[in-house]
Amino acid sequence: MTGKAPCTVSAPRVAAGLVRAQLQYWTTVAPKVRQELSVWQRLAQGIDDPVLRAHALGKLTTERGNTEGVATLCTLAPRRHRRVLVTATVAIQVMYDYLDAVTEQPVENPLRNGRQLFRTFAVALTPTERPVDYYRYHPQREDGGYLDALVACCRRSIAELPSIAAVLPIARDAAQRFREAQVRSHAVAEHGPDQLRGWASAQATGKGLTWWEWAGGSAASVLAVHALLSGAAEVGTTRRAAAQIDRAYLLACAFTTMLDSLVDDSRDAAAGSHRYIAYYENEDCAARRIVALAGRAGAAVRTLPHPSHHAMTVAGIAAFYLSAPAARTRAGRAVAGDLRREHGAVFVSILAIMRLWRRAQRRLP
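Predicted model, so just to flag it, every value in this text is computed and none were measured. (Residues numbered from 1 in each chain as written. Predicted model: local features only at pLDDT ≥ 70, side-chain atom pairs only at ≥ 80, totals over all residues. Heavy atoms only, no water.)

(A) The arrangement of a positive patch on the surface in detail. A grouping of Arg328, Arg340, Arg355, Arg359, Arg362 and Arg363 is seen on the molecular surface, where their side chains present a positively charged patch. By residue number, the principal contributor to the positive patch is helix H18 (residues 345–363), which donates 4 residues. Mapped onto the elements of the fold, Arg362 is located in helix H18. (Patch = residues over 30% accessible without salt bridge, like charges linked within 9 Å, V, L, I, M, F, W, Y side chains within 5 Å. Areas by Shrake-Rupley, 256 points an atom, 1.4 Å probe, with all protein chains shown as cover. Salt bridge = Lys/Arg side-chain N within 4 Å of Asp/Glu carboxyl O. Lys, Arg positive; Asp, Glu negative; His and termini not counted. Charge placed at Lys NZ, Arg CZ, Asp CG, Glu CD. Helix = DSSP H or I, 4+ residues; strand = E, 2+ residues; numbered from the N terminus.)

(B) Just the pattern of salt bridges, in detail. With the rule as written, the count across this model stands at 17 salt bridges. Residue Arg64 pairs with Glu68 through a salt bridge whose shortest N-O separation is 3.0 Å. Placement of both Arg64 and Glu68 in helix H3 (residues 64–70) is noted, with a separation of 4 residues, approximately one turn of the helix. Given the relative accessible area of 13%, Glu68 is considered buried. Between Arg330 and Glu283 there is a salt bridge, with the nearest N and O atoms lying 3.7 Å from each other. With a gap of 47 residues between them, Arg330 in helix H17 (residues 330–343) and Glu283 in helix H15 (residues 283–301) connect regions that are remote in the sequence. Among the ionic contacts, a cluster of salt bridges with common partners joins Arg115, Arg179, Glu180 and Arg184. (Buried < 20%, exposed > 50% of the residue type's maximum accessible area, 1.4 Å probe, protein only.)

(C) Expanded view of the nonpolar core. In terms of nonpolar packing, the biggest core is built from 125 residues, with Tyr146, Tyr249, Phe255 and Leu259 touching the most fellow members. Each residue touching Tyr249, except ones within four places of it in the same chain, is listed here: Leu73, Leu223, Ala224, Ala227, Val301, Leu304, His310 and Thr313. (Core = buried A, V, L, I, M, F, W, Y, C linked by side-chain atoms within 4.5 Å. Contact = heavy atoms within 4.5 Å.)

(D) The state of the cysteines, seen in detail. Under the criterion given, the structure shown has 0 disulfides. No disulfide involves Cys153; its sulfur sits 7.3 Å from that of Cys154, the nearest cysteine. The class for Cys153 is buried, based on a relative accessible area of 5%. (Disulfide = S-S within 2.5 Å.)

(E) Focus on the confidence of the model for the chain. Considering every residue of the chain, the mean pLDDT works out to 91; 94% of them sit at 70 or more. In the model of the chain, H18 stands out as the element of lowest mean pLDDT, 79, in contrast to helix H11 (residues 211–219), which has the highest, 98. Below pLDDT 50 for its whole length, residues 1–8 participates in 12 contacts with residues either more than four positions away or in separate chains. (pLDDT = per-residue confidence, 0-100.)

(F) Up close: H17. Over its 14 residues, H17 runs 20 Å from end to end, which matches the ideal 20 Å to within 8%, given 1.5 Å per residue. Those residues of H17 not exposed but buried are Ala331, Gly332, Val335, Ala336, Gly337 and Leu339. Positive phi appears at Gly344, one or two residues downstream of H17, with a value of about 65°. (Expected span 1.5 Å × (residues − 1).)

(G) A look at the side chain of Asp143. Mapped onto the secondary structure, Asp143 falls in the loop between helix H6 (119–124) and helix H7 (146–158). One buried charged side chain, Asp143, makes no salt bridge at all; its nearest oppositely charged neighbour is Arg141, positioned 8.7 Å away. A distance of 2.9 Å separates the side chain of Asp143 from the backbone nitrogen of Gly145, its partner in a polar contact. When near neighbours in sequence (up to four residues on either side) are disregarded, Asp143 contacts Ile47, Asp48, Leu52, Tyr98 and Tyr135. (Polar contact = N/O pair within 3.5 Å; in protein donor to acceptor, adjacent residues only side chain to side chain.)

(H) Looking closely at helix H4 (residues 79–102). With 24 residues, H4 extends 35 Å between its outermost C-alpha atoms, agreeing within 8% with the 34 Å of an ideal straight helix rising 1.5 Å per residue. The largest bend in H4 amounts to roughly 25° and is located at Leu85. Of all the 24 residues making up H4, 21 are buried; the element is thus mostly covered by neighbouring parts of the structure. (Bend = angle between axes of the 7 residues up to and from the residue.)

(I) How the structure looks around the packing of H15 against H17. Relative to each other, H15 and H17 sit at 30°, their axes nearing to 9 Å. For the element pair H15 / H17, the angle class is roughly parallel. Here H15 and H17 pass one another in a crossing that is right-handed. Along the contact surface, H15 presents Glu283, Asp284, Ala287, Ile290, Val291, Ala294 and Gly295, while H17 presents Arg330, Ala331, Val335, Asp338, Leu339 and Glu342. (Axes fitted to C-alpha atoms, helices over the stretch in contact; angles between N-to-C directions. Parallel < 35°, antiparallel > 145°, perpendicular 65-115°, else oblique. Left-handed = near helix turned anticlockwise from the far one by under 90°.)

(J) Looking closely at unusual backbone geometry. Phi at His306 is positive, roughly 55°, even though this residue is not glycine. Considering the arrangement of structural elements, one finds His306 in the loop between H15 and helix H16 (307–322).

(K) Structural context of the packing of aromatic side chains. Considering all chains together, one arrives at 12 aromatic pairs under this definition. With a centroid separation of 6.2 Å and 70° between ring planes, the pair formed by Phe118 and Phe178 is classed as edge-to-face. With Phe118 in the loop between helix H5 (110–117) and H6 and Phe178 in helix H8 (residues 164–186), this residue pair connects regions lying 60 residues apart in the sequence. Comparing Phe118 with Phe178 shows no difference in burial state: the two are buried. (Phe/Tyr/Trp six-rings, centres within 6.5 Å; stacked < 30°, edge-to-face > 60°.)

Structure representation (structure tokens):
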């Protein structure tokens, strides 16, 4: 793929890709996602420790949209590998969201604790790695085998993907990236932002990203892992191709995190949470930079196989956040307006779909 001119993806092609992906998603992916989430819901209900049980069940409820959203990438897989890819995708996202909650708990040494908990991904993505005591430094540990089951499910599922051997080294790097970014971000409350800034500044050099954009993109790089596994479901995906997927999705993840932070800024500020958006000079600067990141991410994914599907994914990320009621701020409307002008009817259509989805979700029991 390297050396080829970027593929131009027209609005009609993206729109056609959207219709095709939606049809495939609702007929072959969504039912399997619901089935897998029900399995993890039952296991979460059996967690012995009430704190860990609350984290697991809470995330399965509040972050369900994350799992459903990333599962759209499973439509890229050939049909014969799609079900097993959905199983792996759901397990990885459920594990990521659960650990996001667990590692936010105040503990004596948040960096050590977070790194130990996130070793689940090293084990899940390394066939020869032996399971460890993930809760070694955590005050609670009686999870009824919940984390072990998630790890085992992931390992078992990805082993069936035809190009997994080529993809795994890149996927492990992406997991290492989001592990470090997540635990450092959560440690800001106790240790301040310098430890995050120092790590991210060195990594961001020469990437055209600010240190906080690199950190935010790294923290959300579970999306890159999902994209990589969708590539692993296709015969012939090489390590070079996997590296290209990872680079493109790092930009998409930076865009995702900054937009998420912009939309949730008032809530995060009130809660005293770490806010990536606060590192920008002002809200207008943040909005302009987010639109620029969207453009870079869109250009990067157009160099990948299935460019219209990946372009739709980036547009879908934007629409997911901008369809939230909290996005109706001046900055949120500015970003939405710029993206409408840049992407036209395709973005407007996806935004309308996301708003309808949110209304449907609110009506669910």
